[in-house]
Amino acid sequence: MSELTISSTNWLAISLQNGAAMVFNLNDTQQWQYLKPETITNDKPKEATGTKQKTQDNDDDNTSDLNRNLIKFTPDGQKLAINGQNKQIYIYIPSNNDKTYWQLQRIITVIKRASAFDLTNEFLLIADKSGDVYKTDLSNNTNLILTPDDCMMGHLSMLLDIAFIRTNDNQPFILTADRDEKIRLSHYPNAYNIQGYCLGHTEFVSHVKLIDQNHILSASGDGTLRLWHLPDCVELNVFDSKIFTSSAKQIFYEQSSNIDDNQSLSINHSIWKMDITSTTSDVFIALSIYASRTHSIYLTTLSNLKNSNNEQRKITFNSTHGTIIDYCFSSKNPTDLYILFDSNTLLKVNIISILSCDKNEYFEENNKSISTILAREEFNLINNINSLEIIFKQLFKSRGDPGDSSYYKRKNQRIEEQEEKRKKKTK
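For every chain, the first residue of the written sequence is number 1, and numbering continues from 1 onward in sequence order. Restriction of local features to residues with pLDDT of at least 70 applies here, the model being predicted, together with a cutoff of 80 or more for giving and counting side-chain atom pairs; totals for whole chains, interfaces and linings are based on all residues. With hydrogens and water stripped out, all remaining heavy atoms of the structure feed into the side-chain values.

### Side note on the confidence of the model for the chain
Which entries qualify depends on this criterion: Residue-level confidence of the predictor is what pLDDT reports, using numbers from 0 through 100. Contacts are assigned to residue pairs that have any heavy atoms within 4.5 Å of one another.
Confidence in the prediction of the chain, expressed as mean pLDDT, is 88, and 86% of residues score 70 or more. For residues 42-64, every residue scores under 50 in pLDDT, and the model assigns this stretch 45 contacts once sequence neighbours within four places are set aside. Counting interchain partners and residues more than four positions distant, the pLDDT-below-50 stretch residues 400-404 has three contacts.

Written out as structure tokens, the structure reads:
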């Protein structure tokens with residue numbers, strides 16, 4: 001699936017096929033660029049092509065791997081990282097060229113495809129599906145091919161999210177969320193020194209979001225959000241999606257719809273996607289559950305969940321917009337939520353306006369310039385939701401005999417590989 005991100009400098013970026021991307025200046029949407037890097041084998045990055053080149057890439061239909069089209073800015077908005085499908089991560093910086101806005105700085109080649117990454121202004125943390133974490137400095141301009149020696153820590157299962165956090169006592173840590181229901185808090189840079197684990201989820205942990213220097217919010221396939229205090233890894237609250245979604249007031253965007261969600265199965269309450277934004281007044285949360293992942297987003301606040309005020313909203317989009325591909329909050333205007341559809345439509349909604357809306361229908365005037373540019377046939381968004389649904393279901397643990405489960409066989413193989421690495425290092 002294409003992914004969406006917005007920088008602190010108000011640039012919006014959308015990942016496309018094979019490491020390509022579109023970037024738009026939200027301050028002036030006439031300033032945009034199509035980024036299409038080439039696979040290279042030498043040490044000198046090639047120039048990114050401009051807005052005129054067409055793409056003829058094909059979708060990656062390998063459903064056995066978690067192939068995320070990751071895209072993310074550094075906190076200062078001065079670097080953009082894009083995960084390609086050829087085991088290469090592209091780093092862009094603002095361009096000094098009058099004809100382009102962004103230029104390719106370097107290419108990082110990874111051993112296995114990245115399943116998650118996080119950036120500071122100084123370095124990039126890369127997590128892969130085998131459970132390994134790599135770190136590379138962002139100040140370097142030369143291309144890099146990672147080797148097993150560059151691995152800073154390993155896990156026994158697939159990693160689904162990663163985040164760097166500095167607690168209020170100025171201690172740096174790395175947070176990793178895995179398929180084994182755990183969130184690990186490791187010291188940085190000595191990641192072998194584990195501070196602790198956030199334990200409580202009963203299925204894979206798909207999202208870890210930073211609220212402030214000492215609090216995080218996690219989302220899981222078990223259908224819960226959990227609030228944690230760091231660095232002691234104490235669980236403060238558990239929020240069940242079955243409860244707050246069932247009491248959400250439904251609002252239709254533009255016009256009512258007859259879309260019906262079947263929520264009878266337990267998987268339907270699993271958290272499919274989550275994003276948060278923090279303001280001085282509250283923490284705003286946008287999330288999707290599996291049952292309504294294609295057309296609805298639930299909006300709420302952390303204080304609402306804590307106090308059980310039942311003031312959450314479910315905003316449902318008419319089928320004319322297509323399938324929801326991704327959404328994220330704006331870094332510059334944190335109460336604005338941008339939503340990307342496979343119809344090449346980009347919508348912006350204000351979460352405060354929706355939470356205070358008492359009507360059944362909601363409409364917000366949107367600038368259609370970005371959607372108009374995206375509608376050009378050469379810019380194909382990635383919508384492999386059917387493949388992602390298969391992968392999502394595979395993340396759930398088999399509840400059969402552990403000795404016969406393919407999940408546990410893969411886990412035991414991973415333990416053996418870790419032991420083999422340890423023996424080699426001690427020789």
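### Let's talk about the pattern of salt bridges
Defined as follows: By definition here, a salt bridge exists when the distance from a side-chain nitrogen of Lys or Arg to a carboxyl oxygen of Asp or Glu is within 4 Å. A simple rule labels every residue: compare its accessible area, found with a 1.4 Å probe on the protein chains alone, to the largest value its type can have, and call it buried under 20%, exposed over 50%, or partly exposed in between. Secondary structure is summarised from DSSP: a helix means a run of H or I of at least four residues, a strand means a run of E of at least two, and numbering begins at the N terminus for each.
All chains considered together, the criterion is met by 13 salt bridges. The partner of Lys182 in a salt bridge is Asp178, and the shortest N-O contact between them spans 3.3 Å. For Lys182, a relative accessible area of 24% gives the class partly exposed. Residue Lys397 pairs with Glu181 through a salt bridge whose shortest N-O separation is 3.1 Å. Remark: Glu181 occurs in the loop between strand 15 (172-178) and strand 16 (183-187) and Lys397 occurs in the loop between helix 5 (385-394) and helix 6 (406-426); sequence separation between them is 216 residues. Grouping residues by exposure puts Lys397 and Glu181 together as buried. The network of salt bridges with shared partners includes Asp178, Asp180, Glu181, Lys182 and Lys397.

### What to know about the packing of aromatic side chains
Geometry of an aromatic ring pair is reported as the spacing of the ring centres plus the angle between the planes. Selection rule: Note on ring pairs: Phe, Tyr and Trp rings are taken, using the six-membered ring of Trp, and paired if centres are within 6.5 Å. Classes follow the plane angle, with under 30 degrees stacked, over 60 edge-to-face and the rest tilted. Counted as over-ring charges are cases with an Arg CZ or a Lys NZ within 6 Å of the ring centre that also lie within 35 degrees of the ring normal.
Overall, the coordinates contain 19 aromatic pairs when judged by the stated rule. Centre to centre, the rings of Phe123 and Tyr188 are 4.9 Å apart; their planes meet at 15 degrees, and the pair counts as stacked. Here Tyr188 lies in the loop between strand 16 and strand 17 (194-198) and Phe123 lies in strand 10 (residues 123-128), a separation of 65 residues in the sequence. These aromatic residues form a ring-pair network of at least three members: Phe204, Trp272, Tyr290, Phe392 and Phe396. When the ring centre of Tyr327 is taken as reference, the NZ or CZ atom of Lys273 above it lies at 5.4 Å.

### Digging into the nonpolar core
In plain terms, the rule: Side-chain atoms within 4.5 Å link the members of a nonpolar core, which is a set of buried Ala, Val, Leu, Ile, Met, Phe, Trp, Tyr and Cys residues.
One finds Leu4, Leu12, Ile14, Met22, Phe24 and Leu340 to be the most contacted residues of the largest nonpolar core, which totals 34 residues. At the level of elements, strand 1 (4-6), strand 2 (11-15), strand 3 (21-25), strand 4 (32-35), strand 27 (324-329), strand 28 (336-341), helix 4 (369-374) and helix 5 are the ones that each hand at least two residues to this core. With four residues, the top contributor of residues to this core is helix 5. If we skip the residues at most four places from it in the chain, Leu12 touches Leu4, Thr5, Ile6, Met22, Val23, Phe24, Leu26, Tyr338 and Leu346. Leu299, Ile315, Phe329 and Ile351 belong to the second largest nonpolar core, which has 21 residues in total.

### Quick look at the sheet that holds strand 14 (residues 159-166)
This is how the line gets drawn: What makes two strands pair is DSSP finding at least two bridges between them. Orientation is described by lines fitted to C-alpha atoms, with helices fitted over the stretch in contact, and by angles between N-to-C directions that extend from 0 to 180 degrees.
On the basis of which strands lie adjacent, the open sheet formed by four strands has the order 14-15-16-17 and antiparallel pairing. On the outer flanks of this sheet lie strand 14 and strand 17, each paired with one strand and no other. The sheet shows a mean angle of 20 degrees between the axes of neighbouring strands, direction not considered. Relative to strand 15, strand 14 is paired through seven bridges, and the arrangement is antiparallel. Opposite Arg166, over in strand 15, you have Pro172 as the bridge partner.

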